[in-house]
Amino acid sequence: MSDYPPIASLRSFEAVARLGSVTLAAKEIKVTHSAISQQIKLLEDMVGVKLFIRHGRGVQINEEGRLYALQIREALNHISEATRLVQVKPRTMELTLATLPSFGCHWLLPRLARFREKFPHISLRLQASLTVTSLQQEGIDIAIRMGQGDWEGTENRFLFSDELIVVAAPGYNDGKLPGTPEEVAKSHIIFSMESWKTWCLNAGLEKEIVPSGLRVNDSNLVIEAVRLGAGIALERSSLVEDAILRGELVQVTSVTAPYPWHYWLVTSPLAEKKPEVALFIAWLEEEIAVWSEQMP
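First, a word on scope: everything that follows refers to the structure included in this document. Everything quoted here is computed from the prediction, not taken from an experiment.

It is worth spelling out the packing of helix H5 (residues 101-118) against helix H9 (residues 237-245) at this point. Where H5 meets H9, the closest approach of the two axes is 8 Å, and the angle between their N-to-C directions is 45 degrees. By the angle between their directions, the pair H5 and H9 is classed as oblique. Crossing of H5 over H9 shows left-handed handedness. The residues of H9 that touch H5, namely those facing Ser102, Phe103, His106, Trp107, Pro110 and Arg111, are Ser238, Leu239 and Asp242. By residue class, the composition of the contact of H5 with H9 is 4 nonpolar, 3 polar and 2 charged.

Structural data, given as structure tokens:
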């Protein structure tokens, strides 16, 4: 390291060359006038070249000094930037996602561990809500909504369409599950917000199944009631498919009905530019593709 002048000498030289004054350089570096002069002499002795022309107590940089100062200034800037970068800790990316409670509980949460494992540097905040709010005003980066994808002032990506299926717990009615649409209609039904009209038409039933008995306005409660064996229900496939694969629920008939609303991923124009948003979108689309292939 003998070829490298002391950093104090280089800083003193660069400051004098830039400011044209030993006094001003001493003030900037916060040392004495004498200390600056000593560092300049040390540097000149080491490089074997006079860098300044002395005029009494003043100095004027010569041509050799001017050229040297340009290179030293650039080198000091590199050192300063390298020091800044090593001091800066990697910034944790933060992502705020608003999701429908039912979708978040039954579809998204079981898969989030894979996202966290793949992107441990992204801090994810989930906000469960049924309300369509302004993403920017609420500080939301991404929202998962159901509808027609016509929300103004947002970027809307179609995710997938859903269907309604009839499900029951394996032990419902002592394991004697309904096997035909007529038997479904005679079962203990836990009614949710979903209409049975289209399902009944597809099943060829003459009469529509109308709500009676237990009615629940939340899919999470409906699915839990079904899981506990309280009855059967017409629910979105996306919400019960994992429970079916785990053996907690069964689809009691092959008759289905298209769900009238589609799932959409909604972002604000500003959020679209965030790298963490792009990473989440790509991950979500991959998960949906895998899930769709597994669907019966």
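With that settled, the discussion passes to the pairing of strand E3 (residues 93-99). Burial analysis of E3 places 6 of its 7 residues in the buried class, which makes it a mostly covered element. Bridge count between E3 and strand E4 (residues 122-128): 7 bridges; the pairing is parallel. Looking across to E4, one finds that leucine 97 is bridged to leucine 126. Once the chain exits E3 it traverses H5 before rejoining the sheet at E4, and the crossover so formed is right-handed. Inspection of the sheet shows E3 paired to strand E5 (residues 142-147) by 3 bridges, in the parallel sense. By the bridge assignment for E5, threonine 99 is matched with isoleucine 144.

Moving on, we come to the pattern of salt bridges. Evaluation of the coordinates by the stated rule reveals 14 salt bridges. The shortest N-O distance in the salt bridge between arginine 18 and glutamate 28 comes to 2.7 Å. A residue pair is termed long-range when its members are at least 10 positions apart, and arginine 18 in helix H1 (residues 7-19) and glutamate 28 in helix H2 (residues 22-29) qualify at 10 residues. Judged by relative accessible area, arginine 18 falls into the partly exposed class, the value being 39%. The partner of arginine 114 in a salt bridge is glutamate 287, and the shortest N-O contact between them spans 2.8 Å.

Quick look at the side chain of histidine 106 now. Summarising the element assignment, histidine 106 is placed in helix H5. Engagement of the side chain of histidine 106 in a polar contact is seen with the side chain of asparagine 220, the distance being 3.0 Å. Filtering out sequence-adjacent residues up to four positions away, histidine 106 remains in contact with Arg111, Asn220, Ile223, Leu239 and Asp242.

Attention now goes to the sheet that holds E5. The strand order across the open sheet built from 5 strands is E4-E3-E5-E11-E6, with neighbouring strands paired in mixed fashion. At either end of the open sheet lies a strand with only one pairing partner, and these are E4 and strand E6 (155-160). Sheet twist, expressed as the mean angle between neighbouring strand axes with direction ignored, is 25 degrees. Looking at chain direction, E5 and strand E11 (residues 262-267) are connected through 6 bridges and run antiparallel. Pairing of isoleucine 144 across the sheet is with leucine 265, part of E11. Against the sheet, helix H10 (residues 275-294) makes contact with E3, E4, E5, E6 and E11, and its axis sits at roughly 50 degrees relative to E3, the strand it touches most.

Attention now goes to the nonpolar core. Formed by 39 residues in total, the largest nonpolar core has its most connected members in Phe280 and Leu284. Val166, Leu234, Val255 and Tyr259 belong to the second largest nonpolar core, which has 19 residues in total.

Taken as a whole, the largest pocket encloses approximately 420 Å³ of empty space. Met193, Glu194, Ser219, Arg236 and Tyr259 are, among the 24 residues lining the largest pocket, the residues nearest its centre. Looking at the lining of the largest pocket, the elements that each hand over two or more residues are H5, helix H7 (197-203), helix H8 (219-227), strand E8 (233-236) and strand E10 (257-258). In terms of residue count, H7 provides more of the lining of the largest pocket than any other element does, 3 residues in total. Its residues assigned to classes, the lining of the largest pocket comprises 12 nonpolar, 7 polar and 5 charged.

Rules and cut-offs
- Residues numbered from 1 in each chain as written.
- Predicted model: local features only at pLDDT ≥ 70, side-chain atom pairs only at ≥ 80, totals over all residues.
- Heavy atoms only, no water.
- Axes fitted to C-alpha atoms, helices over the stretch in contact; angles between N-to-C directions.
- Helix = DSSP H or I, 4+ residues; strand = E, 2+ residues; numbered from the N terminus.
- Parallel < 35°, antiparallel > 145°, perpendicular 65-115°, else oblique.
- Left-handed = near helix turned anticlockwise from the far one by under 90°.
- Contact = heavy atoms within 4.5 Å.
- Nonpolar A, V, L, I, M, F, W, Y, C, P; charged D, E, K, R; others polar.
- Buried < 20%, exposed > 50% of the residue type's maximum accessible area, 1.4 Å probe, protein only.
- Pairing = 2+ DSSP bridges.
- Right-handed = clockwise from strand over helix to strand, strands pointing away.
- Salt bridge = Lys/Arg side-chain N within 4 Å of Asp/Glu carboxyl O.
- Polar contact = N/O pair within 3.5 Å; in protein donor to acceptor, adjacent residues only side chain to side chain.
- Core = buried A, V, L, I, M, F, W, Y, C linked by side-chain atoms within 4.5 Å.
- 1 Å grid on protein atoms, 1.4 Å probe; cavity = no way out; pocket = protein on both sides within 12 Å on 5 of 7 lines; lining within 4 Å.
- Points joined across faces, edges and corners; volume = space filled by probe spheres on them.

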